[in-house]
Amino acid sequence: MDSSPPVTADASKQRDSRGTSASATAFLDLLRFTAANLVLLSHVFVVFFDNKKTYQGRGVAVIILFVLSGFLITRSLMYRAKKPGEHMPAFLADRVARIMTPFVPVLLAIALLNATVIHTNWSLDGLSTGFVALLGNLFLLFDYPVFQLLDIAHVDVWWRIRPYNTAEPFWTVAIEFWIYIAMSLLFFCAIKRERIRGGWIVLLALISVPVILWNAADGAGKALSLTWMVGGMAGFLVVFMGADSAAARSRLLAWIIVVCGVASLGARVVKLGLDPYDLQTNFLMTVIFFGIFLRLNQATAAWRIPAALAKFGASYSYSLYLVHNTVLVIVFENTHSWPKPAAIAFGVVLAHLVALVVYHSFEKHHRAVGTYLRPIFARALLKSTAPVAQPQTVSPAAPVAAAVAVEGKSANVEVPVLESHA
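Residues numbered from 1 in each chain as written. Predicted model: local features only at pLDDT ≥ 70, side-chain atom pairs only at ≥ 80, totals over all residues. Heavy atoms only, no water.

**Student:** Give me the overall build of the chain: which residues, what numbers.
**Tutor:** When its secondary structure is counted, the chain shows 15 helices and two strands. Out of the 422 residues belonging to the chain, those deemed buried represent 57%. (Helix = DSSP H or I, 4+ residues; strand = E, 2+ residues; numbered from the N terminus. Buried < 20%, exposed > 50% of the residue type's maximum accessible area, 1.4 Å probe, protein only.)

**Student:** An account of the nonpolar core is needed here, citing residue identities and associated values.
**Tutor:** Here is a general trend for soluble globular proteins: nonpolar side chains tend to be buried in one another's company. With 110 residues, the main nonpolar core has Phe103, Leu140 and Phe170 as its most contacted residues. Beyond its immediate chain neighbours, meaning those up to four positions away, Leu140 contacts Met100, Phe103, Val173, Ala174, Phe177 and Trp178. (Core = buried A, V, L, I, M, F, W, Y, C linked by side-chain atoms within 4.5 Å. Contact = heavy atoms within 4.5 Å.)

**Student:** Account for helix α8 (residues 198-217), naming residues and giving values.
**Tutor:** Its 20 residues give α8 an end-to-end C-alpha distance of 28 Å, which sits within 8% of 28 Å, the value for a rise of 1.5 Å per residue. At Ala205, α8 shows its largest kink, close to 30°. Within α8 the residues assigned to the buried category are Leu204, Ser208, Val211, Ile212, Trp214 and Asn215. Elements that come into contact with the buried residues of α8 comprise α4 (88-116), α6 (145-152), α7 (171-191) and α9 (224-241). Directly beyond the C-terminal end of α8, a positive phi value near 75° is found at Gly219. (Expected span 1.5 Å × (residues − 1). Bend = angle between axes of the 7 residues up to and from the residue.)

**Student:** Quick rundown of helix α10 (residues 251-272)? Include the residues and the values.
**Tutor:** Taking 1.5 Å as the rise per residue, α10 with 22 residues should run 32 Å; its terminal C-alpha atoms sit 31 Å apart, in good agreement. Positive backbone phi, at 85°, marks Gly273, one or two positions downstream of α10.

**Student:** I'd like to hear about the packing of aromatic side chains, residue by residue, with values.
**Tutor:** Taken as a whole and assessed by the stated rule, the structure comprises 16 aromatic pairs. Measuring from centroid to centroid gives 5.0 Å for Phe71 and Phe289, while their planes differ by 90°, and the two rings are edge-to-face. With Phe71 in helix α3 (residues 57-81) and Phe289 in helix α11 (residues 279-296), this residue pair connects regions lying 218 residues apart in the sequence. Of the two residues, Phe71 and Phe289, both sit in the buried class. With centroids separated by 6.4 Å and ring planes inclined at 35°, the aromatic side chains of Phe170 and Tyr321 adopt a geometry described as tilted. Taken as a pair, Phe170 in the loop between α6 and α7 and Tyr321 in helix α13 (residues 317-334) lie far apart in primary sequence, 151 residues in all. (Phe/Tyr/Trp six-rings, centres within 6.5 Å; stacked < 30°, edge-to-face > 60°.)

**Student:** So what's going on with the pattern of salt bridges? Which residues, and what values?
**Tutor:** Counted according to the given criterion, the structure contains eight salt bridges. Across the salt bridge formed by Glu194 and Lys192, the nearest N and O atoms sit 3.6 Å from each other. A single network of salt bridges, built from pairs that share partners, joins Arg32, Arg98 and Glu363. (Salt bridge = Lys/Arg side-chain N within 4 Å of Asp/Glu carboxyl O.)

**Student:** Tell me what's going on with the packing of α10 against α11, and back it up with residues and numbers.
**Tutor:** At a minimum axis distance of 8 Å, the contact between α10 and α11 shows a crossing angle of 155°. Here α10 lies roughly antiparallel to α11, going by the angle between them. The handedness of the crossing between α10 and α11 is left-handed. For the pair formed by α10 and α11, the contact residues are Arg251, Ala254, Trp255, Ile257, Val258, Gly261, Val262, Ser264, Leu265 and Arg268 on the first element and Gln280, Thr281, Leu284, Met285, Val287, Ile288, Phe290, Gly291, Ile292, Leu294 and Arg295 on the second. Grouping the constituent residues of the contact of α10 with α11 by class yields 13 nonpolar, five polar and three charged. (Axes fitted to C-alpha atoms, helices over the stretch in contact; angles between N-to-C directions. Parallel < 35°, antiparallel > 145°, perpendicular 65-115°, else oblique. Left-handed = near helix turned anticlockwise from the far one by under 90°. Nonpolar A, V, L, I, M, F, W, Y, C, P; charged D, E, K, R; others polar.)

**Student:** Tell me about the side chain of Asn137, and name the residues and values.
**Tutor:** Following the sequence through the fold, Asn137 ends up in helix α5 (residues 131-138). Engagement of the side chain of Asn137 in a polar contact is seen with the backbone oxygen of Ala133, the distance being 2.7 Å. Residues in contact with Asn137, not counting those within four places in the same chain, are Phe103, Leu107, Phe142, Ile161, Arg162, Pro163 and Tyr164. (Polar contact = N/O pair within 3.5 Å; in protein donor to acceptor, adjacent residues only side chain to side chain.)

**Student:** Could you give an account of unusual backbone geometry, with specific residues and numbers?
**Tutor:** Look at Asp143: it is not a glycine, yet its phi comes out positive at around 55°. Using a relative accessible area of 15% as the deciding quantity, one classes Asp143 as buried. Not every positive phi belongs to a glycine, and Lys222 is a case in point at roughly 70°. Residue position: Lys222 is located in the loop between α8 and α9.

**Student:** I'd like a description of the packing of α9 against α11, backed by residues and values.
**Tutor:** Between α9 and α11, the least distance of the axes is 10 Å, while the angle of their chain directions is 25°. It follows from the interaxial angle that α9 and α11 lie roughly parallel. Between α9 and α11 lies a crossing whose hand is right-handed. When α9 is examined against α11, the residues Leu226, Thr227, Val230, Gly231, Ala234, Leu237, Val238 and Met241 are found in contact with a partner set consisting of Leu279, Asn282, Phe283, Thr286, Phe290, Phe293 and Leu294.

**Student:** Which residues make up the confidence of the model for the chain, and what values do they have?
**Tutor:** Taken residue by residue, the chain gives an average pLDDT of 86. The fraction at 70 or more is 86%. Across residues 1-13, where pLDDT falls below 50, the model places 29 contacts with residues more than four positions away in sequence or in other chains. Long-range and interchain partners of residues 392-422, a stretch whose pLDDT sits below 50, account for 170 contacts in this model, where long-range means more than four residues apart. (pLDDT = per-residue confidence, 0-100.)

**Student:** Could you give me a rundown of a nonpolar patch on the surface, with the residues and numbers involved?
**Tutor:** Together, Phe131, Val132, Leu135, Phe139, Val146, Trp158 and Trp159 line one region of the surface with nonpolar side chains, adding up to about 760 Å² of accessible area. As for its placement among the helices and strands, Phe139 is situated in the loop between α5 and α6. You can call Phe139 exposed: its relative accessible area is 54%. (Patch = residues over 30% accessible without salt bridge, like charges linked within 9 Å, V, L, I, M, F, W, Y side chains within 5 Å. Areas by Shrake-Rupley, 256 points an atom, 1.4 Å probe, with all protein chains shown as cover.)

**Student:** Just give me the short version of the environment of Arg32, but keep the residues and values in it.
**Tutor:** With respect to the helices and strands, Arg32 occurs in helix α2 (residues 22-48). You can call Arg32 buried: its relative accessible area is 0%. Taking the C-alpha atoms as reference points, Arg32 and Tyr316, 284 residues apart in sequence, are found 10.0 Å from one another.

**Student:** Describe the environment of Val106, with residues and values.
**Tutor:** Among the structural elements, Val106 can be located in helix α4. A C-alpha to C-alpha distance of 7.9 Å links Val106 and Val358, two positions 252 residues apart in sequence. Contacts of Val106, omitting those with residues within four sequence positions, involve Phe170, Leu322, Val323 and Val358.

As structure tokens, then:
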């Protein structure tokens, strides 16, 4: 057990702007960091063992990150929707900044490395290199539903855009991004009736809604849109219950939820095996997550060292997701004479080091980018008479994929980012 003294109730029990305790925040951070490393491990099997080893941790990581995304973004949307003013431009500016601030430079670097250093193909069939593929990747249009439908219809087109070769894990980033767009349209336009220009509503809906529908009906993760919504339901319940209601403060209720979820999931796994992408399975995983979150959100103390380590690991987990596969491939191509364990260890350590460089160079500046983008988005999206909401003092919430990246400065689990080869 950590020998450091716990943060006292007076210091730690003071919740952040989303009503989250320090212990619950550390739990969310730990989930994101763990999921990001499960993704990394999955690509160790893909790269160094030719994907011949069965590994369910990949699917578990995908589900964790999508559930976290739905949970956190739904909370953010609900808190924003309670406040006066027009919030959609600021929300979208923050989301674009959070995802694209490290994504764009990493993607450009991957394109350069694939043109100069990397000599093997790691993408599925389709257009995964060249200018058109790069442009499609920059606009997060790889594996778009139109391409999927053409494939079902056995129509072969040269412009079916895939993630850029070693950026193959990026496909879930696009799903996450377009879910954010669709959910913002639902909350701010359909429910809150913000005065957004009609042309933008139509354009964004035409692009984002097909992604929601396709990934509810099928998609690489079977039903990732629905998984995201399950996490969103948990986020809705947390906001609905509040932090100080009898239900939110009931330890018995939290433990009942956890025990029932574990028992049900265990019985299903014993009977059918573990398929993380199965909707019933990931629903039960979310039930367990929800119960643990409720219990930890009641905690009166948080252990400083574990919480600090979880926060540190979560801080760069999105960058780790973005760079790890490319780093592993480069190491693999250049260490054929090495013992495989040494090559794997070197690749894993190097991936973390490169991710830290990317985080400090790009990712951690996303709030400044978001602040810059907010007035630009407001001018473009709002009708001229619409009042602009004042900027929040706490930046909102992160793919994976995830990992992905708690709403606010006190946590770093906003954008889950996920992996490929599902």
